[in-house]
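Notes for the structure review
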Amino acid sequence: MNLFEKYGLSKVINARGTFTPLGVSRSSAKVQQAVAESLGEFFIIDELLDVLSQKVADLFDVDGGTITHCTAASITLAVAAAVSGDDPQKIALLPDTSNMKNEVVLPATHAVNFGQPIVQAIRLSGATLVLAGSEDKCILEEIERTLNHKKTACLLLVSSFLTKGDPLDFKAAVKMAHAKGIPVIIDGAAQDMRVRELLATEADLVLVSAQKYLSAPTAGLVIGKSDLVKAVRGQFSGIGRAMKPTKESLIGVLAALEEREQLDFSKWNQEQLEKVSLFANKLKGYQGVDTSLAPDPAGAPVTRIDININADKFGISATELAEELKKHQSSIWLSDQNSQNGQLTVELIAVNDKEIEVILQAIQRLSKK
Ligand SMILES: *Cc1c(COP(=O)(O)O)cnc(C)c1O
């Protein structure tokens with residue numbers, strides 16, 4: 001009996017991308033095996049953390065890194081690290097930050113909700129939030145003005161397609177903060193394939209989720225300068241106790257990083273492009289369906305497929321199609337945030353050829369024309 005039969009669970013085809021409510025990603029056989037092996041063993045966790053830090057240093061050409069439970073935890077603990085440093089007394093006082101530099105600047109355009117408002121993840125450390133600019137516009141000068149506070153501990157920028165307004169010049173923002181001695185943290189949760197690019201902004205820490213495209217167990221990778229990495233590790237004896245990494249996540253992330261090291265990126269990229277083109281072309285033949293390829297707006301090497309449904313010609317609307325697909329024998333999930341405008345979006349990185357056929361047939365069968 002498999003897990004689905006044993007517990008009466010729905011089989012899922014996830015064409016929605018790295019979506020937390022569906023379990024985010026699928027790990028490779030190698031990563032699965034490493035995790036399974038780790039669960040039967042004891043380790044000196046500090047040794048594992050040191051090995052991981054060295055692996056991160058080698059892979060990304062930085063001082064080092066650590067992991068937390070997930071990126072939401074990394075945001076809280078990276079901010080805590082900027083506020084308390086690795087002083088054990090200050091770490092023990094958090095989230096009480098009185099008498100500490102405790103203000104964190106965030107562009108208001110980046111006050112996203114990734115399943116939790118990012119401002120809450122920041123405040124959980126005890127820091128006070130200062131928003132720069134307004135909800136739909138933040139320019140460098142507005143950030144500069146907030147940096148005049150004597151109490152500013154760090155500047156946090158996010159890079160994802162949840163943000164509003166024009167893209168910020170990260171390099172210039174980092175330079176401004178550094179001129180005032182303020183460290184910068186970048187939340188690049190889904191940007192694990194762009195870590196080097198984000199580090200090139202000179203940011204002190206880059207945060208990425210190991211369970212997204214890296215397809216490791218759930219963990220938050222914290223990558224960058226050694227003093228802040230050390231201060232993040234220090235939080236595990238304080239507010240970070242509830243956000244600590246597990247042995248299986250440490251081993252799983254190491255295995256996934258080793259696979260990433262071996263990845264022939266241009267070959268992988270080519271295969272992904274062929275996969276989406278083939279899918280888009282097949283769907284284009286359906287009555288009332290049009291498709292176009294959508295490169296990732298944040299610059300991640302992910303090409304999605306926008307599917308536009310003409311309800312009159314297809315027979316049901318995009319919203320109805322998305323709902324019907326979820327009721328399929330294997331529950332099929334696509335992005336439906338734009339379904340009111342007749343658009344559904346598909347991401348195929350974690351979808352295998354067999355599942356692609358199931359999706360295509362299901363869409364064809366649901367056409368009422
Ligand atoms: C996914 C995501 C997060 C949260 O990451 P978790 O690892 O699930 O905690 C934070 N910020 C952004 C921009 C994200 O995309």
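Coordinates for the structure precede this section.
Residues numbered from 1 in each chain as written. Predicted model: local features only at pLDDT ≥ 70, side-chain atom pairs only at ≥ 80, totals over all residues. Heavy atoms only, no water.

1. Examining the site of the ligand
Condition: We call a residue near a molecule or strand as soon as one heavy atom of that residue lies within 4 Å of the molecule or strand. Polar contacts, as counted here, are pairs of nitrogen or oxygen atoms within 3.5 Å of one another; within protein the pair requires one atom able to donate a hydrogen and one able to accept it, and residues that are adjacent in sequence qualify only if both atoms are side-chain atoms. Where accessible areas are quoted, they stem from the Shrake-Rupley method and a 1.4 Å probe; at the residue level, only the protein chains shown are allowed to cover. In this count, Pro and Cys sit with the nonpolar residues alongside Ala, Val, Leu, Ile, Met, Phe, Trp and Tyr, while Asp, Glu, Lys and Arg are called charged and the others, Gly among them, polar.
Near the ligand, the surroundings consist of Cys 70, Thr 71, Ala 72, Phe 114, Ser 160, Asp 187, Ala 189, Ser 209, Gln 211 and Lys 212. The separation between an oxygen atom of the ligand and a polar main-chain atom of Thr 71 is 2.9 Å. The protein chains hide 89% of the 390 Å² of surface that the ligand would expose on its own. Taken together, the residues that form the shell around the ligand break down as four nonpolar, four polar and two charged.

2. What about the nonpolar core?
The test is simple: Buried Ala, Val, Leu, Ile, Met, Phe, Trp, Tyr and Cys residues form a nonpolar core when they are joined through side-chain atoms within 4.5 Å. Here's how the labels work: a residue is buried when its accessible area is under 20% of the maximum for its type, exposed when over 50%, partly exposed in between, all with a 1.4 Å probe on protein chains only. Only DSSP runs of H or I with at least four residues qualify as helices, and only runs of E with at least two residues qualify as strands; both kinds are numbered from the N terminus onward. Note on definitions: a residue-residue contact is assigned when non-hydrogen atoms from the two residues lie within 4.5 Å.
In this structure, Ile 143, Leu 221, Val 253 and Leu 257 are the most contacted members of the largest nonpolar core, which totals 46 residues. Of the residues forming this core, the biggest block, seven residues, is contributed by helix α11 (residues 247–262). Filtering out sequence-adjacent residues up to four positions away, Val 253 remains in contact with Leu 52, Ile 67, Ala 210, Ala 216, Pro 217, Ala 219 and Leu 221. Core analysis: the next-biggest nonpolar cluster, separate from the first, contains 36 residues, Leu 77, Ala 78, Ile 118 and Ile 239 among them.

3. A word on the packing of aromatic side chains
Selection criterion: Any pair of Phe, Tyr and Trp rings, taking the six-membered ring for Trp, is counted once the centres come within 6.5 Å. Such a pair is stacked with planes under 30 degrees apart, edge-to-face with planes over 60 apart, and tilted for the rest. The criterion is that NZ of a Lys, or CZ of an Arg, lies within 6 Å of the ring centre and within 35 degrees of the ring normal, and then a charge sits over that ring.
Within this structure, the stated rule accounts for two aromatic pairs. Consider the rings of Phe 19 and Trp 333, whose centres lie 6.4 Å apart with planes at 40°: the pair is tilted. Of this pair, Phe 19 sits in the loop between β1 (12–14) and α2 (29–39) while Trp 333 sits in strand β11 (residues 331–333); the two residues are 314 residues apart in sequence, bridging distant segments of the chain. The side chain of Lys 247 reaches across the aromatic face of Phe 42, ending 5.6 Å from its centre. When the ring centre of Trp 333 is taken as origin, the NZ or CZ atom of Lys 326, which lies over that ring, is 4.6 Å away.

4. With respect to the side chain of Thr 68
Structurally, Thr 68 can be placed in strand β2 (residues 64–68). Engagement of the side chain of Thr 68 in a polar contact is seen with the side chain of Ser 74, the distance being 2.7 Å.

5. Considering the pairing of β2
Stated formally: Two strands make a pair as long as DSSP finds a minimum of two bridges between them.
In terms of residue burial, β2 counts as a mostly covered element, since five of its five residues are buried. Side chains of β2 alternate between two faces, with Gly 64, Thr 66 and Thr 68 and Gly 65 and Ile 67 buried alike. Strand direction decides the pairing type here: β2 and strand β8 (residues 220–224), joined by five bridges, are antiparallel. What sits directly across from Gly 65, in β8, is Ile 223.

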